[in-house]
Amino acid sequence: MILLLALLSCAGKDVRTYDTDLLHLGTGYNARMACSCVFVLGRDEESCQDLLKVSPDLARFQVDREAGTVTSKALGGWRRTARFVDAQVGCVLEE
Amino acid sequence: MLPLALLLLSTCPPAPAAVDGPDPAADAACPADGASPAGDWPHASAPPPAAAVAELERYLFPADLDWADKDKRGVRTDGVVIVHRGQVVYERYAHGYDATRPHLAWSVSKTFTSSLVGIAVQQGRLSLSASVCDLLADVPQHACVITVGDLLSFSSGLDWKETYEHDPPTSSSVLAMLYGEGHADMARFVLGHPLRDRPGQSFQYSSGDSNVLAAVAGAALAPVHGDRFPWAVLFQPLGMQGVTFERDGAGTYVGSSYLHATPRDLARLGQLWLDDGCWGGQRLLPPGWVAWSTQVTAGMRGKPLEWSPGEPVQGRQVWLNQPVPEQGAPDLPWPAAPPDTYAAMGHWKQSITVIPSRDLVLVRTGDDRDGTWSHNAFLDRALDLVEGL
């Protein structure tokens, strides 16, 4: 019986689905990469916008240098924030 | 009674095969001629031949490249460092980068992660045959069959889809891990996937496997070396000055993707591998680790998924220039380079390439998006450059 269960689980019966709203992923990518670009690589915001550009290019980020955060927004109220921790461990996506 | 005992013995399952790992007879001594600069890399006194330099630069830094092109077409090199016999023979930067500016390494990070695992093994703190359940908390029961060795060879068997921005984001396991539902605790997210194959049977290039490895390295090394263990055991011993290695929400290093370093510092990892895992006469990686990591794995020979003949071949968190005749790939992926060539390679064409037979380490950072880049064309010209030296 255990063997049968093992075989079934190896047969790929479970189809994985993701919480994949494009704008959730897009703002997450945008905030996370812009945070590292600005605070880790020390590049200006314009060159970071160019560096992390992917298609479709739907999100825009804002840097808060005092708070050490980057927030990315997209149409429809999508919003994600990444936070700079320190020079060794860089940025982390907050939520 | 005795015949019954014999019968019972004869019906027992065979003893498990010996755990795959570095050759126990591998030479533990460090190479006598290893290069491990305590400070910055020395530069070679004689410049390489001008004609070979011009040919290399025509490829790496095309004069007509439009950096402002919104589609980012063409070969877009940000930095190159070539280290030959432990000395820099060629170095150039573009696009606002210079020798002091770190670059995102993307999947080149995976070879740093496997090096951390190797260091943990060398320190006696980790076994390749250990189950992920021996090392990490709250792993789903079905994933307990996965060992550290399976993760290194991208043979976890987990049902994973490694696709990036050119494929539908809705089905990408990587994007879900990095930016979606997995970002807060990537190892837990990865191990929550069902098994598609028995561990060790197939090959599936997986940033998920690499991040579980990073969690495993942390479980073995952080209790002794602190939560900044990558600096204590690898970056500082190699003299890497300005490394950033980013973490997920659970504090696990994103060992698949998020190491930032200068090309000169990336070259130090290549030199560590070239010198059989030794630096400054000290052994960091286990004896035989580099040789074992640069062998074609059983999963690659038997059942490679999301892989096609002609593509570079995986060893253990490093790409190889070796044939896989069992899978219809009898030729070298990079025919211009010798078969002992191997490389750490990342998204948008980052790489550290090591060619032991030529005493050569090549680092290339870039922003290539359109498929123009040919690693073989780069190696062809770079080998020409060092040929007369």
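Just so we're clear, the structure is a prediction, and the values are computed from it rather than from any experiment.

Calculation criteria
- Note on numbering: residues in each chain are counted from 1, in written sequence order.
- Going through the entries in the order they are written, you letter the chains from A and number the ligands from 1.
- In view of the model being predicted, local features appear only for residues whose pLDDT reaches at least 70, and side-chain atom pairs are presented and counted only at 80 or more, with totals across whole chains, interfaces and linings using the full set of residues.
- Computation of side-chain values covers all heavy atoms of the structure but excludes hydrogens and water.
- We count a stretch as a helix when DSSP gives it H or I for four or more residues in a row; a strand needs E for two or more, and each element gets its number in order from the N terminus.
- Put simply, the radius of gyration uses C-alpha atoms, and a globule should come to 2.2 Å times the residue count raised to 0.38.
- The rule is simple: take the accessible area with a 1.4 Å probe, protein chains only, and divide by the maximum for that residue type; under 20% is buried, over 50% is exposed, in between is partly exposed.
- By definition, residues are in contact when any of their heavy atoms lie within 4.5 Å.
- Axes, fitted as lines to C-alpha atoms, cover a helix only where it is in contact. Angles between the N-to-C directions of the axes lie from 0 to 180 degrees.
- Put simply, angles under 35 degrees are roughly parallel, angles over 145 are roughly antiparallel, angles from 65 to 115 are roughly perpendicular, and the rest are oblique.
- Crossing handedness is read from the near helix: turned anticlockwise from the far helix by less than a right angle, it gives a left-handed crossing, and turned clockwise, a right-handed one.
- For this classification, the nonpolar set comprises Ala, Val, Leu, Ile, Met, Phe, Trp, Tyr, Cys and Pro, the charged set comprises Asp, Glu, Lys and Arg, and every other residue, Gly included, is treated as polar.
- Here, the term nonpolar core denotes a set of buried Ala, Val, Leu, Ile, Met, Phe, Trp, Tyr and Cys residues that are joined through side-chain atoms within 4.5 Å.
- Scored between 0 and 100, pLDDT is the confidence that the predictor attaches to each residue.
- One less than the residue count of a helix, multiplied by 1.5 Å, gives the span that helix is expected to have.
- Summed over both partners, the accessible surface that disappears when two parts come together, traced with a 1.4 Å probe, is what is meant by buried area.
- Each reported salt bridge corresponds to a side-chain nitrogen of Lys or Arg within 4 Å of a carboxyl oxygen of Asp or Glu.
- Within 3.5 Å is the distance limit for a polar contact, defined as a pair of N or O atoms, with the added protein rule that one can donate a hydrogen and the other accept it, and that residues adjacent in sequence qualify only through two side-chain atoms.

Student: It is not clear to me how the overall build of chain B should be interpreted in this structure. Could you clarify?
Tutor: In terms of regular secondary structure, chain B is built from 13 helices and 14 strands. The C-alpha atoms of chain B give a radius of gyration of 21 Å, which matches the 21 Å a tight globule of 389 residues would have. Summarising its shape, the C-alpha atoms of chain B cover approximately 85 × 50 × 45 Å along the three principal directions. Expressed as a percentage of its 389 residues, the buried residues of chain B come to 58%. Intrachain contacts of chain B at a sequence separation of at least 6 include 66% that bridge at least 24 residues.

Student: Just to check I follow, could you spell out the packing of helix 2 (residues 50-60) of chain B against helix 13 (residues 375-387) of chain B for this structure?
Tutor: The description of two helices packed together rests on the angle between their axes and the distance between the axes. Residue and element names in this part refer to chain B. Here helix 2 crosses helix 13 at 165 degrees, and the two axes come no closer than 8 Å. The orientation of helix 2 relative to helix 13 falls into the category roughly antiparallel. Between helix 2 and helix 13 lies a crossing whose hand is left-handed. Residue-level contacts link A52, V53, E55, L56, Y59 and L60 of helix 2 to A377, F378, R381, A382, D384 and L385 of helix 13. When its residues are assigned to classes, the contact of helix 2 with helix 13 shows 9 nonpolar, no polar and 3 charged.

Student: Honestly, the nonpolar core in this entry has me stumped. Any pointers?
Tutor: Note on soluble globular proteins: their nonpolar side chains tend to be buried together. Ranked by internal contacts, the top residues of the largest apolar core, which has 140 residues, are I82, F112 and L234 of chain B. Per-element tally for this core: the top contributor is helix 2 (residues 22-39) of chain A, with 8 residues. Sequence-distant contacts of F112 of chain B, defined by excluding residues within four places in its chain, comprise L234, F235, M240, L259, L266, L269 and I352 of chain B.

Student: Looking at this structure, how should I read the confidence of the model for chain B?
Tutor: The predicted coordinates should not be examined in detail at positions where pLDDT is low. The share of residues in chain B with pLDDT of 70 or more is 95%, and the mean pLDDT across the chain is 94. Note on residues 1-16 of chain B: pLDDT is under 50 here. Beyond four places in sequence and across chains, it has 0 contacts.

Student: What is the right way to read the side chain of T147 of chain B from this model?
Tutor: Along the chain, the position of T147 of chain B falls in the loop between helix 4 (132-135) and helix 5 (148-152). By relative accessible area, which is 19% here, T147 of chain B ends up buried.

Student: I keep staring at helix 3 (residues 109-122) of chain B and nothing clicks. Help me out?
Tutor: Every α-helix winds through 3.6 residues per turn, so residues three or four apart in the chain are directed the same way. Residues and elements named next belong to chain B. When the terminal C-alpha atoms of helix 3 are compared, their 20 Å separation across 14 residues agrees well with the 20 Å that a helix rising 1.5 Å per residue should span. Most of helix 3 is tucked away, with 12 of its 14 residues classed as buried. G124 lies just past helix 3 and shows a positive phi near 75 degrees.

Student: Quick question: what am I supposed to make of the interface of chain B and chain A here?
Tutor: Note: interface size is frequently given as the accessible area lost on complex formation between the parts. With 47 residues of chain B at the interface, the matching set in chain A holds 37 residues. Across the chain B to chain A interface the summed buried area is about 3,400 Å²; carbon plus sulfur atoms make up 52%. Where chain B meets chain A, there are 3 salt bridges. Linking chain B to chain A there are 18 residue pairs in polar contact (both at pLDDT 80 or more). Where the side of chain B that touches chain A is concerned, the elements lending two or more residues are strand 3 (103-104), helix 6 (173-179) and strand 5 (244-245) of chain B. Of the residues belonging to the side of chain B that touches chain A, the class tally is 18 nonpolar, 14 polar and 15 charged.

Student: Quick question: what am I supposed to make of the side chain of K110 of chain B here?
Tutor: Residues and elements named next belong to chain B. Within the fold, K110 resides in helix 3. Polar contacts involving the side chain of K110 include one to the side chain of Y205, which spans 3.2 Å. Sequence-distant contacts of K110, that is, excluding residues within four places in its chain, are made with F154, E162, Y205, S206, S207, S210, G255, S256 and Q317.

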